[in-house]
Every structure is written in C-alpha cells, then in structure tokens.
Amino acid sequence: MEADAHFIMGSTHGVCQDYALAGRAGSRWAAIVCDGCSSSPDTDFGARVLARACLAALMRNTSVTESVDHALIVAHEVIANLSLPKDALDATLCGWVIEGGVAHGFIHGDGVLSVRRPTGVEIHQAVQPANAPDYPSYRCDPDRARAHEQKYGDETIITVFGAASTTFAVQRDYRIELPLADIAGFAVFSDGAATVSNRSQTLPATTVVDILTRYP
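In this text, all values refer to a predicted model and were calculated from it rather than measured experimentally.

**As for the overall build of the chain**
Stage number 1. On a plain count of helices and strands, the chain comes out with four helices and 12 strands.
Stage number 2. Relative to its length of 216 residues, the chain is compact, with a C-alpha radius of gyration of 17 Å against a globular reference of 17 Å.
Stage number 3. Out of the 216 residues in the chain, the part that is buried amounts to 44%.
Stage number 4. A separation of at least 24 residues holds for 59% of the contacts in the chain among residues at least 6 apart in sequence.
Stage number 5. For the chain, the accessible surface area stands at approximately 11100 Å², while carbon and sulfur atoms represent 52% of it.
Stage number 6. Where the 16 positive side-chain charges of the chain centre and where its 25 negative ones centre are 3 Å apart.

Okay, here's the thing in structure tokens:
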C-alpha cells in the first residue's frame, strides 16, 4: 500500500490553516485531514496538533471509533501548555483508516471522502448550513456546542455521488466502513475541494476529486 498527503494555503488566507498527513499508524494505514476554522484564533496550530494527536491515538491501537475522543484530550493538553486559546482547536477532522480488510472513513465537521472503484469514483461529501461545521472541539465545551446547535441546528448534510446518488442528514459526525475488495484507492479532502474555480466558474467537487485522484 502507498500513502501520501499534500496541503496548500488558500489564496485569501494569511497563514495555512490546513494540515494533512498519511502513512503507517502502527499496524494500520491512515490518511487524516484537518481544516482549521478561519474565524477562530491560531487554528494553524490547532489543525496540526489535532491531526497528530489522532495519529498518535491510532498508533496506540486505540479503536477508530475512540481515536477522536482520545485525540481531543491530548490536543487540549498540548494547546493549554502552549498558552493558546481552546478555540484554536476549531478544526474539521476527516480521514481514512485501513485496518485488516476494512476501510474506516470519518468526517467530523465538513469534508470529502472518495473511493476509486473499477467502475469509477464514489464521493461522500459533508456540508453544513451557513458553512458552520460542527467541530469536534465543541464536544469539550457544552456551552459552545449548545450555542452552535441553537444557531445552526445539529444536522450535517451528506451527499453520496456514485452509481446510486443519495442525500441524507446525520448528527455529530459521519462514518462509513467498506471492505477493501475491488477498491483501487481512497482519498480525503477538506471542503476546499468544493471551492476550486476555473476563472469565474466554481467546479463541482465531483470534477475536482475525479481529476485529483487520477493517480496509479
């Protein structure tokens, strides 16, 4: 298996608030993307710390389901030791973990997961009203979680593009498990995949993902 990651600063940003990593996580393989909130302070630090904490949890053989909660505990300790505000951890967290013959996909906030099959690319896109993701960091602050829910609701909209496209709503986070059989590759993106433009036209996320996943 091969794994790689890449991130680049958006044209309207002063610092890069995204972070991505990919590779071995003990006996597993992982690809993780964190997209820091542009309106919260120091999320360039927060995105890196959260991604690294998630990887560290996976390397300790923490279950995929529990790895995010463990990552939040560690990340909050690191942020506090650096004297950074707790909302520096306002970042989406999404990715794939390959374990045995199963791929575990997850999106906490917004983002895009893709699966390349012999028949084409299947895309799972998570978006939220008013571009206000339900960040995993809110779990550690009930008041912020309550305020976010009251203002924006508690639903994340999932659209699956593929042989049988569908749209539905989830609360808190989105998870999928897929057998590895007949799958050629996996990819994970921030919501930036839905903001790529060709001059004045914004390209569909499906087009962008299809182009970016045409690797061997």
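**Some words on helix 1 (residues 43-59)**
Each turn of an α-helix holds 3.6 residues, which means side chains three or four residues apart point in the same direction.
Stage number 1. Spanning 17 residues, helix 1 covers 24 Å between terminal C-alpha atoms, matching the ideal 24 Å at 1.5 Å per step.
Stage number 2. Residues of helix 1 that are buried include every one of Thr-43, Gly-46, Ala-47, Val-49, Leu-50, Ala-51, Ala-53, Cys-54, Leu-55, Ala-57 and Leu-58, and no others.
Stage number 3. Turning to helix 1, the residues buried within the fold contact strand 1 (18-25), strand 2 (28-36), helix 2 (64-81) and strand 3 (91-99).
Stage number 4. Just past helix 1, the residue Asn-61 takes up positive phi, approximately 65 degrees.

**Structural notes on the state of the cysteines**
Stage number 1. Considering all chains together, one arrives at zero disulfides under this definition.
Stage number 2. Not engaged in a disulfide, the cysteine Cys-37 finds its nearest cysteine sulfur in Cys-34; these two sulfurs lie 13 Å apart.
Stage number 3. Exposure remark for Cys-37: the relative accessible area of 10% places this residue in the buried category.

**Quick look at the pattern of salt bridges**
Stage number 1. A full pass over the atoms with the stated rule returns 10 salt bridges.
Stage number 2. Put simply, Asp-90 and Arg-144 hold a salt bridge, and the shortest N to O gap is 2.7 Å. One end of the pair, Asp-90, is in the loop between helix 2 and strand 3; the other, Arg-144, is in helix 3 (residues 142-152), and 54 residues separate them in sequence.
Stage number 3. Given a relative accessible area of 25%, Arg-144 falls into the partly exposed group.
Stage number 4. Salt-bridge contacts for Asp-173 lead to Arg-175; the nearest nitrogen and oxygen are separated by 3.4 Å.

Calculation criteria
- Residues numbered from 1 in each chain as written.
- Predicted model: local features only at pLDDT ≥ 70, side-chain atom pairs only at ≥ 80, totals over all residues.
- Heavy atoms only, no water.
- Helix = DSSP H or I, 4+ residues; strand = E, 2+ residues; numbered from the N terminus.
- Rg over C-alpha atoms; globule rule 2.2 N^0.38 Å.
- Buried < 20%, exposed > 50% of the residue type's maximum accessible area, 1.4 Å probe, protein only.
- Contact = heavy atoms within 4.5 Å.
- Areas by Shrake-Rupley, 256 points an atom, 1.4 Å probe, with all protein chains shown as cover.
- Lys, Arg positive; Asp, Glu negative; His and termini not counted.
- Charge placed at Lys NZ, Arg CZ, Asp CG, Glu CD.
- Expected span 1.5 Å × (residues − 1).
- Disulfide = S-S within 2.5 Å.
- Salt bridge = Lys/Arg side-chain N within 4 Å of Asp/Glu carboxyl O.

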